[in-house]
Amino acid sequence: MVRKIKDIRPIELKDYKLYVINQLKLPLEEQWLELSTYGDVAKAIKDMIIRGAPLIGIVGAYGFAIGIKQLIDEGKPLDEAEKVLETLKNTRPTAVNLFWALDRMWKKFEKWKNEKSPDELIKALFKEANRIDLEDYHANKSIGGYGQVLIPEKANVLTHCNTGALATSGWGTALGVIRSAYEDGKDITVYVDETRPYLQGARLTAWELVQEGIPHYLITDNSAGFLISKGLIDVIIVGADRITANGDVANKIGTFTLSVLAKEFNIPFYVAAPTTTFDLNTESGKDIPIEVRNEKEIKECGSCKIAPEETKALNYSFDITPAENISGIITEKGIINEINKESIMKFLKYRGI
Ligand code: MRU
């Protein structure tokens, strides 16, 4: 049986303005926001109105195009492009996709700024951002195709954070694999970690799974160990914000704990990510900048205070899963089964990356 799954697009470009679903409002309200300046875009990334490594990259690329158009419209010198670039880069530090996408936009800008008229430059930059967007969608579908082979015909799959349409151009990485497997007719139940404190699992992944009609249970982050120990989970699949040369993975806080549990109970632990998430210039996970967010995100839930004012909270947003805890990395070019520097380099080089 093949099922048809509804497509969800988290962003829309219209008349050189970017429209995004406000992910802070989900699942209670589907509110679309207009981002018409690069400052709006930077704020949307920083405040997590949009989030997820691939989507941050895509939105950053559109933000750069919007910024250059703004400079031209306001009659400002193109020398100020560097300020646009830096503002967008200084939003979130961990997901490498943002820096990858902005570097790609910057190189095109440097090449085209003296070759093209202002109008042509604007069009070309928006087209490049759109290319990054479309490439991500195709990469996601391909990750889904490769990855779903790893999911048994009948499976309980545990996932963390949100790695679906809302975190990407519209299909998803880890959740994309689950969608692809479900679309292919597999009998899947998803166990969704709520993912404190931003609740990407409870608010976003669960919302997506409802839209798609995929059976799921929402679980508290701290129940994963119990469920795994009872044999209730067949496979864990997560996304990534950055994968270093040796195969260490930065992902949403709590991912590392799941990898330890998977190892202890001998169940597969897969990472799904496009090759744009690899950072081969960084040797290992200990060199990845880990974002620390405001303690309010832990001490408050919505508008409700849930901890004493005097208590200090520590809000690391990501953790590092060591390469040896990972059973495989699913990319749009295929699956890396042996996670070490040599096999990663060979895999990427052989595929022209
Ligand atoms: O803080 P977020 O919501 O941007 O973190 C997102 C994650 O950690 C995801 O798991 C990761 O970016 C992969 S998204 C396809």
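The shown structure was predicted, so the numbers you read here are calculated from the model rather than taken from an experiment. (Residues numbered from 1 in each chain as written. Predicted model: local features only at pLDDT ≥ 70, side-chain atom pairs only at ≥ 80, totals over all residues. Heavy atoms only, no water.)

Around the ligand sit 19 residues in total, of which Arg92, Gln200, Asp241, Asn251 and Lys252 are the nearest. Here Gly52 contributes a backbone N or O atom positioned 2.9 Å from an oxygen atom of the ligand. In isolation the ligand offers 420 Å² of accessible surface; the protein chains occlude 100% of this area. In this structure the site holding the ligand corresponds to the largest cavity. Of all the elements in the fold, those that place two or more residues in the shell around the ligand are helix H2 (53–73) and strand S9 (249–252). Per-domain counts for the shell around the ligand show at least three residues from each of domain 1 (11–140) and domain 2 (150–350). (Near = heavy atom within 4 Å. Polar contact = N/O pair within 3.5 Å; in protein donor to acceptor, adjacent residues only side chain to side chain. Areas by Shrake-Rupley, 256 points an atom, 1.4 Å probe, with all protein chains shown as cover. 1 Å grid on protein atoms, 1.4 Å probe; cavity = no way out; pocket = protein on both sides within 12 Å on 5 of 7 lines; lining within 4 Å. Sits in = over half its atoms within 2 Å of the grid points. Helix = DSSP H or I, 4+ residues; strand = E, 2+ residues; numbered from the N terminus. Domains from an automatic or database assignment.)

Counted by the stated rule, this structure contains two cavities of 30 Å³ or more. Lining the largest cavity are 24 residues, and of these Arg51, Gly52, Ala53, Asn162 and Asp241 sit closest to its centre. Among the secondary structure elements, those contributing two or more residues to the lining of the largest cavity are H2 and S9. Residue contributions to the lining of the largest cavity peak at three residues, all from H2. When grouped by side-chain class, the residues that make up the lining of the largest cavity number 11 nonpolar, nine polar and four charged. Two domains each provide a minimum of three residues to the lining of the largest cavity, namely domain 1 (11–140) and domain 2 (150–350). (Points joined across faces, edges and corners; volume = space filled by probe spheres on them. Nonpolar A, V, L, I, M, F, W, Y, C, P; charged D, E, K, R; others polar.)

Turning next to the pairing of strand S7 (residues 235–238). A two-sided burial pattern is seen for S7, the buried positions comprising Val235 and Ile237 on one face and Ile236 and Val238 on the other. Here strand S4 (residues 154–159) pairs with S7 via two bridges, running parallel. Following the sheet pairing, Val157 is matched in S7 by Val235. Of the pairings in the sheet, the one linking S7 to strand S10 (residues 269–272) comprises three bridges and is parallel in character. Along S10, the bridge assignment pairs Ile236 with Phe269. (Buried < 20%, exposed > 50% of the residue type's maximum accessible area, 1.4 Å probe, protein only. Pairing = 2+ DSSP bridges.)

Let us look at the environment of Val249. Tracing the backbone shows Val249 in strand S9. By relative accessible area, which is 0% here, Val249 ends up buried. Taking the C-alpha atoms as reference points, Val249 and Asp73, separated by 176 residues in sequence, lie 41 Å from one another. Beyond its immediate stretch of four places on either side in the chain, Val249 contacts Gly239, Ala240, Arg242, Ile243, Val271, Asp319, Ile320, Thr321 and Ile326. (Contact = heavy atoms within 4.5 Å.)

Pairing within the open sheet is mixed, and its four strands lie in the order S11-S8-S9-S14. In this open sheet, the two edge strands, each paired with only one partner strand, are strand S11 (278–279) and strand S14 (318–321). Summarising the sheet, strand S8 (residues 242–244) and S9 pair through two bridges and their orientation is antiparallel. Each bridged residue has a counterpart across the sheet, and for Ile243 the counterpart in S9 is Val249.

For the rest of this paragraph, the subject is the nonpolar core. The tendency in soluble globular proteins is for nonpolar side chains to be buried side by side. Among the nonpolar cores identified, the biggest contains 43 residues, and Phe64 and Leu125 are the most heavily contacted of them. Counting residues per element, the ones that place at least two in this core are strand S2 (17–21), helix H1 (38–46), H2, helix H3 (81–89), helix H4 (96–112) and helix H5 (118–148). With 28 residues, the next largest nonpolar core counts Leu227, Val249, Leu258 and Ala273 among its residues. (Core = buried A, V, L, I, M, F, W, Y, C linked by side-chain atoms within 4.5 Å.)

This part takes up the side chain of Glu183. Structurally, the position occupied by Glu183 is in helix H6 (residues 174–183). Accessibility expressed as a relative area gives 16% for Glu183, which makes it buried. With sequence-adjacent residues up to four places away left out, Glu183 is seen in contact with Met1, Val2, Arg3, Lys4, Ile5 and Trp171.

Looking now at the domain arrangement of the protein chain. Frequently, the measure chosen for interface size is the accessible area that the parts lose on association. You can read the domains of the protein chain as domain 1 (11–140) and domain 2 (150–350). Distance from the C-alpha centre of domain 1 to the C-alpha centre of domain 2: 25 Å. Residue-level contacts link 29 residues of domain 1 with 33 residues of domain 2. Between domain 1 and domain 2 the total buried area reaches about 2,600 Å² when both faces are included, carbon and sulfur atoms providing 55% of it. When the buried surface of domain 1 facing domain 2 is broken down by residue, Arg51, Thr94 and Asn140 rank first, second and third, together holding 25% of it. Our count for the domain 1 to domain 2 interface comes out at one salt bridge. (Buried area = accessible area lost by both parts, 1.4 Å probe. Salt bridge = Lys/Arg side-chain N within 4 Å of Asp/Glu carboxyl O.)

On to the pattern of salt bridges. What the rule picks out here adds up to 21 salt bridges. Between Arg293 and Glu297 there is a salt bridge, and its shortest N-O distance comes to 2.8 Å. For Glu297, a relative accessible area of 22% gives the class partly exposed. One network of salt bridges, with partners in common, ties together Arg92, Glu291, Arg293 and Glu297.

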